[in-house]
Amino acid sequence: MKEFIRALLVFVVLSILTGLAYPFLITRVAQLIFPRQAKGSLLTVNGKISGSALIGQKFTNPGYFHGRPSALEKAYDASNSGGSNFGPSNSKFLEEVGQRMEKVRVTNGLGVNAPVPADLVLASGSGLDPHISVDAAMVQAPRVAKARGLRESDIRDLVQKHIEGPLFGFLGQERVNVLRLNLALDDLSRHGGQSGESKQGTGG
Amino acid sequence: MAKDITYILVFLGVLMLLALPLGHYMAQVFTGRRTFMSFIIRPFESGLYRLCRVNENEEMSWKQYSLAFLLFNAVGFMVLFLLQIVQGRLPLNPMGFGSVRWDTALNTAISFVTNTNWQAYGGETTMSYLTQMVGLTVQNFVSAAVGMAVALPLIRAFTSKLRNTIGNFWVDMTRSVLYVLLPLSIILAMLLVSQGVVQTFAPSVKAQTIEGTEQVIAVGPVASQVAIKELGSNGGGFFNANSSHPFENPTPFSNFLEMLAILLIPAALPFTFGIMVKNRRQGWAIFAAMMILFLVGLGAAFWAEWQGNPILAQSGLGSSTNMEGKEVRFGIGPSVLWGQVTTVTSNGSVNAMHDSMMPLTGLVFMFNMAIGEVIFGGVGVGLIGMLMYAILAIFLAGLMIGRTPEFLGKKLEAREMIMAVIAVIAPAMASLIFAGIAVAIPTGLSSLNNPGPHGLSEILYAFFSAAGNNGSAFAGLNANTVFYNLATGFVMLVGRSATILPALAIAGSLAMKKSVPSSSATFPTASPLFTVLLIGVVLIVGALTFFPALILGPFLEHLLIFAGRTF
């Protein structure tokens, strides 16, 4: 009994320390030093929250770059993350990928047997991947240019400018943030084809 | 490929740079010496003992120690279970989540108390902020601390002579939290926030997307939980997608840090062991066995995953790389490395979906867990597991030379052997028996997400993960059913207690023995020969126990997929 009470006491004290004091301390300090990150790296357009720079969004309009497929029931539902969990030998999965490949080829005017960037037809683990590979962006450049009536070279330049390289040359893959790229694209259209710097503020 | 090799070399280099001093520091902490942190932490420590009526000079027998361990876990279990049931009526619940279903709550309580962090639920759709913090984060700390504490009696037993006590559970556990886990977590949590991991008590954010639809973005006190989830071999994510979620793991740098945090304490403990038993070479010999097994598995997993999916390659995918379930910011290499790191350490957090990896990659991960999480393993318990295999190895060596086996001056006799065998065999039996039951009954099969041999892999993975207290999953399996919640819950309990209790019993009996001086006939255990023997024993026990099951699951799928068969 004595030992049980001791167990209870130690548990309560450690709970207060690690379950309340610790997370509250981290929250206070985080909100002080890194307020933007702690709140979710939110992006605002005209004062309204338009999403998070870290969380992908669903794009269907041909004038925007499209992200990866999302396996979530509602694509890019940031309140319920997850992947498809399809195994590599699952025929339903392989069929689905085949259909996506066809769609990518048709919408981007590729040949019937043209290679398709893997990340553009395979779903991410989180269902919220904000990035695509550089290949996956470049494949879409002609379509985006046409839909917006802009020069393809301008679009390609814009993609080039948005490439995030690997840190120190080995940490991470070359990639493009789809939401940031599309925001810059809207900016580019507004400025009549002169590539201007993105005016969107960050905050929130 | 060259980039991946650079990555691995830098990763292991940084790991060693941190693990060596940490191992040294932990040896100071656990022998009660002053450390450079003492001037801040010591007042808290003494205050806690006074408040909780702990006499820090009191020594416990192995039975008292076990009782304290069991009572503490029982309290933790009850609190966590009840908290989930009543969370709907408690504060810090901005999303208004109701009571968690009884079987899910039961499974989750067992899961977090046993340091497994198997998650049958989706975090952001089930648990209130209060449950995540006061329930889950607390267990992340204390279950890890318990794991470290219970390794200490076994370590001390080698140097103590003719004693019937093995230490004080409360002191060992408290020191693990205060001196090791909490300071490291504070540092890591702040680094993670700087990278974009969220840390807020605000409710979900409603955003108006560029194309004009509404996106609800779940947030929360994430960084504080992710930090300890990686450091303490826990692995339970704040979000359903775990560390593949951009808010848990936003950048390649955060990814590097989190992987480092997973391996840090498990890699440092063999050095702590070496220092505490006053035989540093022994620590290195054990570390070397772990590292070699780690690298062999990593090589196999890399090879399998880089091959990619042959069926997709044929259909004209630009590259044959298997990006299903992986994030672009990490890519193939770091996703495989994470998988290897998380399955050898019984951590169980993921940055990519293991279910969608190539069959042989999955096989490596399953083997890591099935052999009992001894390749580094969970904080504390991994070292215990490896010491059990070491006892087996020394016994085998003793048989070969016809002499009573000795380990660090202590004779290993029948009692130690029986306990070591229980620790190695019981979790393996529990996982295989329950996987067998799951395959045989419709309720077990109805949870599958994938047909064919991959379905068997999903079930095997679940029970290996539960028995090894890992907690990662082939997440396609719908484990949130009464059957799986109860079955995996039971296997987790077996996995935890059948490792810790035999280890404490061995500690008790070793501490009572006198130390025999080594002679020319003593098998040198701090030697490369011992390392090789230890690796051999781990591989042979693993192969004999698990190969039949692994052949029918992942290996068969590998053969068939390269023959073009789908299911």
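All values derive from a computational prediction rather than experimental measurement.

Here is what the cut-offs are and how they apply
- Residues numbered from 1 in each chain as written.
- Chains lettered and ligands numbered in written order.
- Predicted model: local features only at pLDDT ≥ 70, side-chain atom pairs only at ≥ 80, totals over all residues.
- Heavy atoms only, no water.
- Helix = DSSP H or I, 4+ residues; strand = E, 2+ residues; numbered from the N terminus.
- Contact = heavy atoms within 4.5 Å.
- Areas by Shrake-Rupley, 256 points an atom, 1.4 Å probe, with all protein chains shown as cover.
- Lys, Arg positive; Asp, Glu negative; His and termini not counted.
- Charge placed at Lys NZ, Arg CZ, Asp CG, Glu CD.
- Rg over C-alpha atoms; globule rule 2.2 N^0.38 Å.
- Buried < 20%, exposed > 50% of the residue type's maximum accessible area, 1.4 Å probe, protein only.
- pLDDT = per-residue confidence, 0-100.
- Phe/Tyr/Trp six-rings, centres within 6.5 Å; stacked < 30°, edge-to-face > 60°.
- Axes fitted to C-alpha atoms, helices over the stretch in contact; angles between N-to-C directions.
- Parallel < 35°, antiparallel > 145°, perpendicular 65-115°, else oblique.
- Left-handed = near helix turned anticlockwise from the far one by under 90°.
- Nonpolar A, V, L, I, M, F, W, Y, C, P; charged D, E, K, R; others polar.
- Core = buried A, V, L, I, M, F, W, Y, C linked by side-chain atoms within 4.5 Å.
- Domains from an automatic or database assignment.
- Buried area = accessible area lost by both parts, 1.4 Å probe.
- Salt bridge = Lys/Arg side-chain N within 4 Å of Asp/Glu carboxyl O.
- Expected span 1.5 Å × (residues − 1).
- Bend = angle between axes of the 7 residues up to and from the residue.
- Polar contact = N/O pair within 3.5 Å; in protein donor to acceptor, adjacent residues only side chain to side chain.
- 1 Å grid on protein atoms, 1.4 Å probe; cavity = no way out; pocket = protein on both sides within 12 Å on 5 of 7 lines; lining within 4 Å.
- Points joined across faces, edges and corners; volume = space filled by probe spheres on them.
- Pairing = 2+ DSSP bridges.

Some details on the overall build of chain A
Item 1. For chain A, the count of helices and strands is six helices and five strands.
Item 2. For chain A, the N- to C-terminal ordering of α and β elements is α-α-β-β-α-β-α-α-β-β-α.
Item 3. For the C-alpha atoms alone, the extent of chain A along its principal axes is close to 75 × 45 × 35 Å.
Item 4. Looking at chain A alone, contacts between residues at least 24 apart form 55% of all its contacts between residues at least 6 apart.
Item 5. Carbon and sulfur atoms make up 55% of the accessible area of chain A, which totals about 8900 Å².
Item 6. Measuring between centres, the 23 positive side-chain charges of chain A sit 7 Å from its 17 negative side-chain charges.

Overview of the overall build of chain B
Item 1. When helices and strands are tallied, chain B shows 19 helices and four strands.
Item 2. Relative to the globule expectation of 24 Å for 567 residues, the C-alpha radius of gyration of chain B, 23 Å, shows essentially globular dimensions.
Item 3. If one aligns the C-alpha atoms of chain B with their principal axes, the spans along those axes are about 75 × 55 × 45 Å.
Item 4. With 567 residues in all, chain B has 67% of them scored as buried.
Item 5. At a minimum sequence separation of 6, the contacts of chain B that also span at least 24 residues come to 79%.
Item 6. Put simply, chain B shows about 17600 Å² of open surface, and 69% of that area lies on carbon and sulfur atoms.
Item 7. Counting 28 positive and 23 negative side-chain charges, chain B places the centres of these two groups 15 Å from one another.

Quick notes on the confidence of the model for chain A
Item 1. The predicted model of chain A averages 92 in pLDDT, with 94% of residues at 70 or higher.
Item 2. Low pLDDT (under 50) marks residues 194–204 of chain A, which in the prediction has 23 contacts with non-local residues, meaning those over four places away or in another chain.

Quick word on the packing of aromatic side chains
Residue and element names in this part refer to chain B.
Item 1. Overall, the coordinates contain 33 aromatic pairs over all chains when judged by the stated rule.
Item 2. Between the aromatic rings of phenylalanine 523 and phenylalanine 530, the centroid separation amounts to 6.5 Å while the plane-to-plane angle is 55°, which identifies the pairing as tilted.
Item 3. Here phenylalanine 523 falls in the buried class, since its relative accessible area comes to 16%.
Item 4. Judged by its relative accessible area of 0%, phenylalanine 530 is buried.

Some thoughts on the packing of helix 17 (residues 453–467) of chain B against helix 19 (residues 528–562) of chain B
Residue and element names in this part refer to chain B.
Item 1. At a closest axis distance of 9 Å, the pairing of helix 17 and helix 19 adopts a crossing angle of 140°. Classified by the angle between their axes, helix 17 and helix 19 sit oblique to one another. As for the relative orientation of helix 17 and helix 19, their crossing is left-handed in sense. Between helix 17 and helix 19, the contacting residues are Pro453, His454, Leu456, Ser457, Leu460 and Phe464 on the first element and Phe546, Ala549, Leu550, Leu552, Gly553, Pro554, Leu556, Glu557 and Leu560 on the second.
Item 2. In terms of residue class, the contact of helix 17 with helix 19 is built from eleven nonpolar, three polar and one charged.

Notes on the nonpolar core
Looking at soluble globular proteins, one finds that nonpolar side chains tend to be buried together.
Item 1. Core analysis: the biggest nonpolar cluster contains 249 residues, and Phe169(B), Phe294(B) and Tyr389(B) have the highest contact counts within it.
Item 2. The biggest single contributor to this core is helix 9 (residues 252–276) of chain B, with 16 residues.
Item 3. Inspection of this core shows a minimum of three residues originating in each of domain 1 (1–33) and domain 2 (41–190) of chain A.
Item 4. Sequence-distant contacts of Phe294(B), that is, excluding residues within four places in its chain, are made with Leu12(B), Leu263(B), Leu337(B), Gln340(B), Val341(B), Val344(B), Ile375(B) and Phe376(B).
Item 5. Membership of the second largest hydrophobic core comes to eight residues, among which are Leu80(B), Ala105(B), Tyr121(B) and Leu136(B).

Describing the interface of chain B and chain A
Item 1. On the side of chain A, 99 residues touch chain B, which itself brings 108 residues to the contact.
Item 2. Summed over both sides, the interface of chain B with chain A buries roughly 8200 Å², with 68% coming from carbon and sulfur.
Item 3. Ranking the residues of chain B by area buried against chain A places Ile210(B), Glu324(B) and Val328(B) at the top, with a combined share of 9%.
Item 4. Applying the counting criterion to the chain B and chain A interface returns two salt bridges.
Item 5. The shortest N-O distance in the salt bridge between Asp129(A) and Arg329(B) comes to 3.9 Å.

Observations regarding the packing of helix 3 (residues 62–86) of chain B against helix 4 (residues 102–113) of chain B
Residue and element names in this part refer to chain B.
Item 1. The contact between helix 3 and helix 4 brings their axes to 9 Å, and the two run at 145°. Crossing of helix 3 over helix 4 shows right-handed handedness. Across the interface between the two elements, Asn73, Gly76, Phe77, Leu80, Phe81, Gln84 and Ile85 from helix 3 touch Trp102, Thr104, Ala105, Leu106, Thr108, Ala109, Ile110, Phe112 and Val113 from helix 4.
Item 2. Partitioned by chemical class, the residues of the contact of helix 3 with helix 4 number eleven nonpolar, five polar and no charged.

Here's the deal with the domain arrangement of chain A
Reports of interface size often rely on the accessible area that becomes lost once the parts have come together.
Item 1. We note that the domain assignment places domain 1 (1–33) and domain 2 (41–190) within chain A.
Item 2. Placing a centre on the C-alpha atoms of domain 1 of chain A and another on those of domain 2 of chain A gives a separation of 42 Å.

Thoughts on helix 7 (residues 169–195) of chain B
One turn of the α-helix equals 3.6 residues, which is why residues spaced by three or four share an orientation.
Residues and elements named next belong to chain B.
Item 1. The terminal C-alpha atoms of helix 7, which comprises 27 residues, lie 37 Å apart, in line with the 39 Å expected from a rise of 1.5 Å per residue.
Item 2. Along helix 7, the helix axis deviates most sharply at leucine 181, where the bend reaches about 35°; the proline proline 183 sits within four residues downstream.
Item 3. Counting buried positions over the 27 residues of helix 7 gives 21, a clear majority of the element.
Item 4. Between the side-chain oxygen at the start of helix 7 and the backbone nitrogen of tryptophan 170 there is a gap of 2.9 Å, and the oxygen is on asparagine 168.

Let's talk about helix 19 of chain B
Residues and elements named next belong to chain B.
Item 1. Taking 1.5 Å per residue as the helical rise, helix 19 with its 35 residues ought to reach 51 Å, whereas the 39 Å between its terminal C-alpha atoms falls clearly short.
Item 2. Helix geometry: helix 19 is bent most strongly at phenylalanine 546, by close to 60°, with proline proline 548 lying one to four residues after it.
Item 3. Count one or two residues on from helix 19 and you reach glycine 564, which has phi positive near 85°.

Quick notes on the layout of surface pockets
Item 1. Computed from the structure, the largest pocket encloses a volume of approximately 880 Å³.
Item 2. If you go around the largest pocket, you meet 40 residues; those closest to its centre are Ser81(A), Gly82(A), Asn85(A), Asn240(B) and Ala475(B).
Item 3. Of the residues that constitute the lining of the largest pocket, the class distribution is 15 nonpolar, 21 polar and four charged.

A look at the sheet that holds strand 5 (residues 175–177) of chain A
All names here are of chain A.
Item 1. As summarised here, the arrangement of the three strands in space is 3-5-4, forming an open sheet in which the pairing is antiparallel. At either end of the open sheet lies a strand with only one pairing partner, and these are strand 3 (131–132) and strand 4 (163–164).
Item 2. Of the strand pairs in this sheet, strand 3 and strand 5 are connected by two bridges, and their pairing is antiparallel. Pairing of isoleucine 132 across the sheet is with valine 176, part of strand 5.

Examining empty space enclosed by the protein
Residues and elements named next belong to chain B.
Item 1. As enumerated under the stated definition, the model contains five cavities of 30 Å³ or more in all.
Item 2. Reported here for the largest cavity is a volume of approximately 320 Å³.
Item 3. What lines the largest cavity is a set of 30 residues, and nearest its centre among them are Gly372, Glu373, Pro427, Ala467 and Thr499.
Item 4. Counting only elements with at least two residues in the lining of the largest cavity, the list comes to helix 13 (359–370), helix 14 (381–401), helix 15 (414–440), helix 17, helix 18 (482–512) and helix 19.
Item 5. For the lining of the largest cavity, the element with the highest residue contribution is helix 15, accounting for six residues.
Item 6. Looking at the lining of the largest cavity, its residues break down into 16 nonpolar, twelve polar and two charged.

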